[in-house]
Amino acid sequence: MDDIYRERVSLFLDCWEYRFGLRTLGGAYIRHLLLFTDSYLVDVETGEASEVPGRAHGGLGRWAAYRSSGGLLSYIATYIFWRIIEEGIKRAFKIRERSTAEEIREIRSMLGENASVGEFIEAAKNVLAKSGLKKVRIGSIYRYMDLENIRVDVDRHKSTITLRFTADGKKRKLIANCEPAELSELEQRIKSLLPVSLG
């Protein structure tokens, strides 16, 4: 395991993977940080859950609106009402919600060009702790040659990259929200690191 902590990170993605079970109280997306090194794909799992891939904006309002029984007007009214309640609670208790993009920028600013997996995990723990996240740990480690059925799909409309693969007999599907200008470069970098056909 110490060897993994010394591996240099070539690329990392802030991703979300859907999980169904007791831990997510039915089903939710769990946040992962995927670290690409020269030989390994290191899956760093966090304790953050969301009902959509990426932190939900207006989580309480969106949750209530989805469960409203009326039509479009009922959806909008419910969303607005609960969103106001949520904002009031945040202001009353001085809860500061940071975006995932802000967190990733802060992690990048803390690391040098040749950061190791260990340095990345420590930086991620420090940054994500500010948002109340305590769980940041290595979930899985995959050698690139052990990955099968690799697919990298880019949705330019939603600005997402979806990475699908099979490892140890288990199918994985991770979704990364990206800046539109970075999509093409990220797609090519991922495909250059993974044993995936470019054709």
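Residues numbered from 1 in each chain as written. Predicted model: local features only at pLDDT ≥ 70, side-chain atom pairs only at ≥ 80, totals over all residues. Heavy atoms only, no water.

## Considerations on the overall build of the protein
Stated precisely, the cut-off is as follows: Numbering of helices and strands runs from the N terminus, with a helix taken as a DSSP run of H or I at least four residues long and a strand as a DSSP run of E at least two residues long. Each residue gets one of three labels from its accessible area relative to the maximum for its type: buried under 20%, exposed over 50%, partly exposed in between, using a 1.4 Å probe on protein chains only. Two residues qualify as a contact provided that any one of their heavy atoms is within 4.5 Å of a heavy atom in the partner residue.
Counting secondary structure elements, the protein contains 6 helices and 7 strands. Its helices and strands taken in sequence order, the protein reads α-β-β-β-α-α-α-α-β-β-β-β-α from the N to the C terminus. Relative to its 199 residues, the protein shows a buried fraction of 43%. Relative to all contacts within the protein whose residues are 6 or more apart in sequence, the contacts with residues 24 or more apart total 54%.

## Concerning the environment of Asn 114
Residue position: Asn 114 is located in the loop between α4 (100–110) and α5 (117–129). Not counting residues within four places of it along the chain, the set of residues in contact with Asn 114 comprises Arg 8 and Glu 119.

## Quick word on the packing of aromatic side chains
Counted only if it meets this: Centre distance within 6.5 Å is the pairing criterion for rings of Phe, Tyr and Trp, where only the six-membered ring of Trp is used; planes under 30 degrees apart are then read as stacked, over 60 as edge-to-face, and the remainder as tilted.
Counted under the stated rule, the structure contains 3 aromatic pairs. Residues Tyr 142 and Phe 165 carry aromatic rings whose centres are separated by 5.5 Å and whose planes lie at 75° to one another, so their mutual orientation is edge-to-face. With Tyr 142 in strand β4 (residues 136–143) and Phe 165 in strand β6 (residues 160–167), this residue pair connects regions lying 23 residues apart in the sequence. Take Tyr 142 and Phe 165: they sit in the same class, and that class is buried.

## What about the nonpolar core?
Selection criterion: For our purposes a nonpolar core is just a set of buried Ala, Val, Leu, Ile, Met, Phe, Trp, Tyr and Cys residues, chained together by side-chain atoms within 4.5 Å.
Core analysis: the largest hydrophobic core is formed by 23 residues, its most contacted members being Phe 36, Leu 147, Phe 165 and Leu 194. Residue contributions to this core peak at 4 residues, all from β6. Excluding residues that lie within four positions of it along the chain, Leu 194 makes contacts with Phe 36, Tyr 144, Leu 147, Ile 150 and Leu 163. Counting residues in each nonpolar core, the second largest holds 21 residues, with Val 42, Val 117, Ala 124 and Ile 138 among its members.

## Focus: the packing of α4 against α5
Convention followed: Here, axes are lines fitted to C-alpha atoms. For helices the fit covers the stretch in contact, and angles between N-to-C directions go from 0 to 180 degrees. Relative orientations are named as follows: roughly parallel for angles under 35 degrees, roughly antiparallel for angles over 145 degrees, roughly perpendicular for angles from 65 to 115 degrees, and oblique for any other angle. A crossing counts as left-handed when the near helix is turned anticlockwise from the far one by less than a right angle, and as right-handed when that turn is clockwise. Under the scheme applied, nonpolar residues are Ala, Val, Leu, Ile, Met, Phe, Trp, Tyr, Cys and Pro; charged residues are Asp, Glu, Lys and Arg; polar residues are all the others, including Gly.
Two elements in contact, α4 and α5, have axes separated by 9 Å at closest approach and are oriented at 135°. Taken together, the axes of α4 and α5 lie oblique to each other. For the pair α4 and α5, the crossing hand works out as right-handed. Note on element contacts: α5 touches α4 through Phe 120, Ala 123, Ala 124, Asn 126, Val 127 and Leu 128, opposite Glu 103, Glu 106, Ile 107 and Met 110. Here the contact of α4 with α5 is built from residues that sort into 7 nonpolar, 1 polar and 2 charged.

Nothing here speaks to function; it is all geometry.
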